[in-house]
Amino acid sequence: MMIDTHCHLCESDYDNLKEIINHMGNNIMICSGADNENNFSTIKLINEYDNIYGTIGFHPDEVDNYDLKFIEDNINNPKIVGIGEIGLDYYHDSDKELQKELFIKQLDLARLYNKPVVIHSRDAAEDTFNILENYKDLKIVLHCYGYSLDMAKKFLKLGCKFGIGGVLTFKNGKKLVEVVENIGIENLLLETDSPYLTPEPYRGSKNEPYNITFVAAKIAELKNMKIDEVFEITTKNACEIYNIKI
Ligand code: NI
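A brief look at the structure comes next. (Residues numbered from 1 in each chain as written. Predicted model: local features only at pLDDT ≥ 70, side-chain atom pairs only at ≥ 80, totals over all residues. Heavy atoms only, no water.)

So, on to the coordination of the nickel ion. The coordination sphere of the nickel ion, as far as protein atoms go, consists of His6 (NE2), His8 (NE2), Glu85 (OE) and Asp193 (OD), spread over 2.1 to 2.2 Å. If you look at the nickel ion, its four donor atoms make angles of 85 to 174° with each other, and the shape they trace is irregular. Motif for the nickel ion, donor spacing along one chain: H-x1-H-x76-E-x107-D. Linking His8 in the loop between β1 (3–7) and α1 (17–23) with Glu85 in strand β4 (residues 80–89), this pair joins segments that are 77 residues apart in sequence. In terms of burial, His8 and Glu85 fall into one category: buried. (Donors = N, O, S within 2.8 Å, 3.2 Å for Na, K, Ca; no water. Tetrahedral: all angles 85-135°; square planar, octahedral: opposite > 155°, others 65-115°. Helix = DSSP H or I, 4+ residues; strand = E, 2+ residues; numbered from the N terminus. Buried < 20%, exposed > 50% of the residue type's maximum accessible area, 1.4 Å probe, protein only.)

The next thing to look at is helix α8 (residues 212–223). Between its first and last C-alpha atoms α8 spans 16 Å; for 12 residues at 1.5 Å apiece the expected length is 16 Å, and the two agree. Listing the buried residues of α8 in full gives Ile212, Thr213, Val215, Ala216, Ile219, Ala220 and Leu222. Next to the buried residues of α8 lie β1, β7 (161–164), α7 (174–182), β8 (188–190) and α9 (227–242). Two residues or fewer past α8, Asn224 is found with a positive phi of approximately 55°. (Expected span 1.5 Å × (residues − 1). Contact = heavy atoms within 4.5 Å.)

On to the nonpolar core, then. Formed by 71 residues in total, the largest nonpolar core has its most connected members in Leu9, Leu107, Tyr145 and Phe155. Looking at this core element by element, the count peaks at six residues for α8. Once residues within four sequence positions are removed from consideration, Phe155 is found in contact with Ala125, Thr128, Phe129, Leu132, Leu142, Tyr145, Tyr147, Cys160 and Phe162. Ile3, Val81, Val141 and Leu189 belong to the second-largest nonpolar core, a separate cluster that totals 13 residues. (Core = buried A, V, L, I, M, F, W, Y, C linked by side-chain atoms within 4.5 Å.)

Viewed as axis vectors pointing N to C, helix α4 (residues 96–113) and helix α5 (residues 125–132) meet at an angle of 30°, and their least axial separation amounts to 11 Å. α4 and α5 meet at a crossing whose hand is right-handed. The segment α4 lies against α5, with Lys100, Phe103, Ile104 and Leu107 engaging Asp127, Ile131 and Leu132. Each residue belonging to the contact of α4 with α5 can be placed in one class, and the counts come to five nonpolar, no polar and two charged. (Axes fitted to C-alpha atoms, helices over the stretch in contact; angles between N-to-C directions. Left-handed = near helix turned anticlockwise from the far one by under 90°. Nonpolar A, V, L, I, M, F, W, Y, C, P; charged D, E, K, R; others polar.)

In structure tokens, the structure reads:
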């Protein structure tokens, strides 16, 4: 059993959505909402497929276009397992204060409804850490972790888990290789971030959940483990965090 803990499955991104979902067989996908369109799509898919779970939330790019009532209206759906992806993204010029405000509002909702959070953080390590320090009581997943090993050790002290995806297989993925080599596998989750960040050898084409097999193979190589062990442990990690019973 394997779990893609973070993918975006939207009809507008795929003309073969059914096919790529079926490609996963009985394995599990956690579909992540990030904006109005894929939050809706997440709800539709979790109602349609037994092996798809979801998280809903608003990405920092959505500071002008979010609907917290949608989160509250759907958070008690038993297949909504968390709030995300939420966070901070300072890569593009946008209002940092508005981003922090939206991030904190959603962290407060996670606390209120006792749900894990899925964090997107880009070029905003310090602010992300400083905010999350106030939410150590939450279960926190750092999706597509991209910062240094030193930073990872700090986040680990907050109890964070790390979503590891296709970047691990990239030639320029050395920083992430170092993180994976030095952080225990009990803190790692497999993810694709489909349709983005396709792992080697398919980098450049559209990603799909089944490609976590390439990420798992790379983790197995780095940690000198069998790939089946990687699947077994990362599946257990995901089930614990997201309270999924299999
Ligand atoms: Ni994502």
